[in-house]
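Per-entry structural report
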Amino acid sequence: MNQDQLKQAVAQAAVDYILPRLERNTIVGVGTGSTANYFIDSLAEHKGLFDGAVASSEASAERLRQHGIPVYDLNAVDRLAVYVDGADESNAQLHLIKGGGAALTREKIVAACSDEFVCIADQSKWVETLGKFPLPVEVIPMARAHVARELVKLGGDPVHRQGCTTDNGNQILDVFGMQIHDAIALETAINQIVGVVANGLFALRAADVLLLGTSTGVQTLRAMQA
């Protein structure tokens, strides 16, 4: 299977995984990106089984609405039973790098409000050590240079993502050249830099389940088994 077929396979596997959890009052958290788009398209076939969704980006919200799925503001929702989203990298602890689509802050918020975080990815995203994919950091625009200097002190090579403004009106620094052996510690350290809104390490709130598309089928991985 090619990469798009792998993405479609894990998206369908995610729908099959969450179907037993869907009830009329269930609100589903939905992520952002190409794999999440396949998930939205597959989920739409079952839109009568659940109440609606909370989206981590305006693009995903629009795609959900096009399928006739109600989209709720997170502030109006008590809880999310499940959040389904892709990743740019995952390790065996199900620590992730996310943010290639510049939606990392909203993705972190939705993940934090969800009972279960289901990550969907193809086998190219599986790594032993995080960091080959540049780590996105969302920053307040006036703090971009300051944050960049601090990221250099942490061993990274930050590059301003030109022409990118997040849904929150902020900017993205992509940090190259890092081998991340302690994702929790690095996520915490970056969070402490004044001017950082969020960074693309999902380690403090890692995925609970990874559905990984491989040439031999979709594998279901949990951190204790990975």
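For the structure, check the block above.
Residues numbered from 1 in each chain as written. Predicted model: local features only at pLDDT ≥ 70, side-chain atom pairs only at ≥ 80, totals over all residues. Heavy atoms only, no water.

What to know about the packing of aromatic side chains
Centre-to-centre distance and the angle between the planes together describe a pair of aromatic rings. For the coordinates displayed, the defined rule picks out 2 aromatic pairs. With centroids separated by 5.2 Å and ring planes inclined at 35 degrees, the aromatic side chains of tyrosine 83 and phenylalanine 117 adopt a geometry described as tilted. Of this pair, tyrosine 83 sits in strand E3 (residues 82-85) while phenylalanine 117 sits in strand E6 (residues 117-122), and the two are 34 residues apart along the sequence. The buried category is assigned to tyrosine 83, whose relative accessible area is 0%. In textbook terms, an aromatic cluster arises when at least three aromatic residues are bridged by ring pairs, as seen for Tyr83, Phe117 and Phe202. For lysine 98, the ring lying beneath its charged end belongs to phenylalanine 202, and the centroid distance is 5.5 Å. Across the ring face of phenylalanine 202, the terminal group of lysine 108 is positioned such that the distance to the ring centre comes to 5.4 Å. (Phe/Tyr/Trp six-rings, centres within 6.5 Å; stacked < 30°, edge-to-face > 60°. Helix = DSSP H or I, 4+ residues; strand = E, 2+ residues; numbered from the N terminus. Buried < 20%, exposed > 50% of the residue type's maximum accessible area, 1.4 Å probe, protein only. Lys NZ or Arg CZ within 6 Å of the ring centre and 35° of its normal.)

Some remarks on the nonpolar core
Residues Ile18, Val28, Phe39, Val84 and Leu211 are the most contacted members of the largest nonpolar core, which totals 26 residues. Going through the elements one at a time, helix H1 (3-18), strand E1 (27-30), helix H2 (34-43), strand E2 (52-55), helix H3 (58-66), E3, E6 and strand E12 (209-214) are the ones with two or more residues in this core. Looking at this core element by element, the count peaks at 7 residues for H1. (Core = buried A, V, L, I, M, F, W, Y, C linked by side-chain atoms within 4.5 Å.)

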